[in-house]
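Working through the structure, step by step
Here are the chains, one letter per residue:
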Amino acid sequence: VRRIWQLFLGIMAATGGFVDIGELVFTVQAGAQFRYMLLWVCVLGTIGIILFSEMCGRLAAIPKLATFHIIRNKYGSKLGFVTLLASNIVNVLTCAAELGGVAIILRLLFGGKYSLWLIALTAVLIGTILLLPFKYIERVFGLSGLVMLTFVAVAVALHPQWLELAKGFVPRLPGGGTQHLLLYAYFAVGIFSSLLMPYEVYFYSSGGIEEEWEHTDLPDNKLTSIVGFSMGAVVSAALIVVGAAFYAPRQLNPAELGSSALAPAFQFGKVGLLLALLGMLATVAGSAVETCLAGAYNFCQFFHYKWGRRLSPNETPVFTKTWIIIFVLAMGITLTGYDPIKIVEYSVIFAVVVLPLTYAPILIVAGDKTIMGKYANSKLQRILGWTMFALVTIAAAAAIPLMIVTEMGKKG
Amino acid sequence: VKIALPLVRAGVFALALALAGCVDQPKKLDASSLKAEVQNAEQVSREGEMLLELRTAGKLTERFRKVQELYLLKQFDELKKTADEAKPSAEIQSAFEDYKQKLQALEAALRRIESEPHKEAFEAVTNDLEALEKTL
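What counts and what doesn't
- Each chain has its residues counted from 1, following the order in which its sequence is written.
- Chains and ligands are labelled by the order in which they are written, letters from A for the one and numbers from 1 for the other.
- In view of the model being predicted, local features appear only for residues whose pLDDT reaches at least 70, and side-chain atom pairs are presented and counted only at 80 or more, with totals across whole chains, interfaces and linings using the full set of residues.
- Heavy atoms throughout the structure, all of them, feed into the side-chain values; hydrogens and water do not.
- Geometry of aromatic contacts follows a simple scheme: Phe, Tyr and Trp rings, the Trp one being its six-membered ring, pair when their centres are within 6.5 Å, and the pair is stacked under 30 degrees between planes, edge-to-face over 60, tilted otherwise.
- Strands are runs of DSSP state E lasting at least two residues, helices are runs of H or I lasting at least four, and both sets are numbered from the N terminus onward.
- Each residue gets one of three labels from its accessible area relative to the maximum for its type: buried under 20%, exposed over 50%, partly exposed in between, using a 1.4 Å probe on protein chains only.
- Contacts are residue-level and defined by heavy atoms, with any inter-residue pair within 4.5 Å sufficient.
- By definition, the buried area sums, over both parts, the 1.4 Å-probe accessible area that each loses when the two are put together.
- By definition, a salt bridge exists where a carboxyl oxygen of Asp or Glu is found within 4 Å of a side-chain nitrogen of Lys or Arg.
- Pairing of N or O atoms within 3.5 Å defines a polar contact, subject to two protein rules: one partner must be a possible hydrogen donor and the other a possible acceptor, and residues neighboring in sequence count only if both atoms are side-chain atoms.

1. Quick look at the packing of aromatic side chains
Residues and elements named next belong to chain A.
- Within this structure, the stated rule accounts for 27 aromatic pairs over all chains.
- Where F203 meets Y297, the ring centres are 6.4 Å apart and the plane angle is 50°; that geometry is what we call tilted. Of this pair, F203 sits in helix α10 (residues 198-210) while Y297 sits in helix α13 (residues 262-303), and the two are 94 residues apart along the sequence. By the burial criterion, F203 is buried, and Y297 matches it.
- Each ring, one from Y297 and one from F319, has its centre 5.4 Å from the other, and the planes form 25°; the classification is stacked. Of this pair, Y297 sits in helix α13 while F319 sits in helix α14 (residues 317-335), and the two are 22 residues apart along the sequence.
- With a relative accessible area of 0%, Y297 lands in the buried category.
- Every member of this aromatic cluster is reached through a ring pair, and the members are F26, F34, Y184, Y186 and F187.

2. Concerning unusual backbone geometry
Residue and element names in this part refer to chain A.
- Non-glycine residue E212 carries a positive phi angle of around 50°.
- Considering the arrangement of structural elements, one finds E212 in the loop between α10 and α11 (218-247).
- Taking the relative accessible area as the measure of exposure, E212 reaches 57% and is therefore exposed.
- Positive phi outside glycine occurs at E407, with the angle close to 50°.
- With respect to the helices and strands, the residue E407 is situated in the segment after α17 (379-405).
- Classification of E407 as partly exposed rests on a relative accessible area of 37%.

3. Thoughts on the interface of chain A and chain B
- Counting residues at the interface gives 34 residues for chain A, matched by 31 residues for chain B.
- Carbon and sulfur atoms make up 67% of the surface buried where chain A meets chain B, a total of about 3100 Å² over both sides.
- The interface formed by chain A and chain B holds zero salt bridges in total.
- Scanning the region where chain A abuts chain B turns up eight residue pairs in polar contact (both at pLDDT 80 or more).
- Those elements that place two or more of their residues in the side of chain A that touches chain B are α4 (67-110), α12 (257-260), α13 and α15 (340-366) of chain A.
- Here the side of chain A that touches chain B gets nine residues from one element, more than from any other, and that element is α4 of chain A.

Next up, the structure:
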C-alpha cells in the first residue's frame, strides 16, 4: 500500500508540476489566436517529453548516468561545454522569467511592490531548498500545482465546441496568408518547445539519481512519465481551450499573466480567480526551483563535482553555491525591469535550439545495449525517439527565424 | 581558471546579447507596423472593457483589479511612448494622426477607470480603433 501511495504521489506531483510559465504564455495566446488548431502540438510535445523523460529515468536507474555525465562522455569537453553553456544560459533566463512571473502573481494576490516580492520570494525559495529534502521539494510544488486543474474546470464550463476541439488534434494549416502561417508556425514551435523544455529532463534525470532509483523502480518511472505527464498535458490542452473558448470570441490576446486569470474569474467569480492565481503561483514557483537546481546539476555533473540534495550542503559546496548563484543571477536579471513575459518568450525559443544537443546523446546511450543491457530502447522507442529528434531539429532550425519575422508573435 | 575565465566571459556576452534583444527600439512606422500598434491599442481597450465587466459583476478582488489596471496603464504608456518617438512614413501620416487622437481617447478612458467606470467609453475606443485598422 505504501508503494502504491508513493507512486500515486509521484504521478500527481508530475501532473501538478507539468505546466510552467512558458506554457502559460504560449498556450493561452495560441488558443486566443488560432482557437483549437494547435492542440495537436500539445499531443506531439507530450509524446516527446514522455519518451525522453522515461529514457532519462532508465539511464538514472541502470547505469546511474545523469544527463550531463552522458553529454560530456559523448561530446567530449569542447562541444560538451558549449552545450552546458547554452543550456545554463537558457536555465538562467527561464529561472528569471519564472521568478518574475511569481512576483507578478504575488502582486496580483496581495498587492505590494514587485521588486520587494522578487527579493522576498527568492529568499524564501532558497530557504525552502536548503531546508527540505529533495522528495519534499518535488512534491510540495508538484502537488500544490494540481490547483491548476481549475483551468480544466474552466475549459469544460466554457462549453467549448467539442467537434472543433476534436479537429484540433489533427494538424492542419490556417488560412489568411503567409504572415498568418508564419505566426501559426511560431506558436507551434513555442508550444512544442515549452512542453519539451530541457530543464525538465535535466531535473527528472538528476531526480532519479537523487532518489537512488534501481531497476525495480523502472515500472514506476514508466508510469510516472506516461500517466503523470499525460495528465499534465491535459492542463496544457485546457489552457489552449480556454484561449479558444473565452479569449478568441472577445478578440482578447492574454499577453500578461493576470490576463490569463480573467477567464476563471468570468466563469467562477472570485473563487475561480483566486484558485487560478494560486495554481499559477505553485506551478511557476516549482518551475523556478527546478530550473535553478537543473543548472547546478548540469554544472556539477559536467565538472565532476559532488552534487545532490540527498547530501548535505557541506558535502556539496560547489553544487550549493551554484544553485544559489543561479537564483541570485536570475533575480538580478528580473530586477533590472525586463518584462518576465518577454524573457520567457526568448527562453522558450532559445531552449528549442538547445534541445537537439541535449536529446541526441540521451537517445544514443539509452539505445546502447553494451551500457543498458536488456533495458536498452526497444525498436518502437528507437523509431519514436529518432522521429521526435528529427522534429526537434526542424523546430530548432526554424525557431529564431520565426521569432524575428513574427516580431515574437506580434505580427501576423 | 585559464579555461573558465574566457568561457564565463563568453557566457556573459551571450546572456547580454540575449537580453539586449528584450529592449524595445524606437520604431519607423509604415502601414503594417502602424496596424500592429493599432491592434495593440485595441487589446488594451478590450481588456479595459473586460476588467470593467468583471468588476461590475463583483468577480474580481480589489487587489487584482488595481494591479491589473496598473498593468493596462503601463501597456498604454508603452504605446504612447512608441507613438511619440515614431517616425511615420508620408503615406500614413494622416492615419497616424488619427491613431494619436484615438490614443488620447483611450488614455481618457483608462484614467477615468477608477472614478468613473464606464464600459461604453472603452467600447467606443475599440470600435474607432477597429475602423482605423480596416483602413490600413
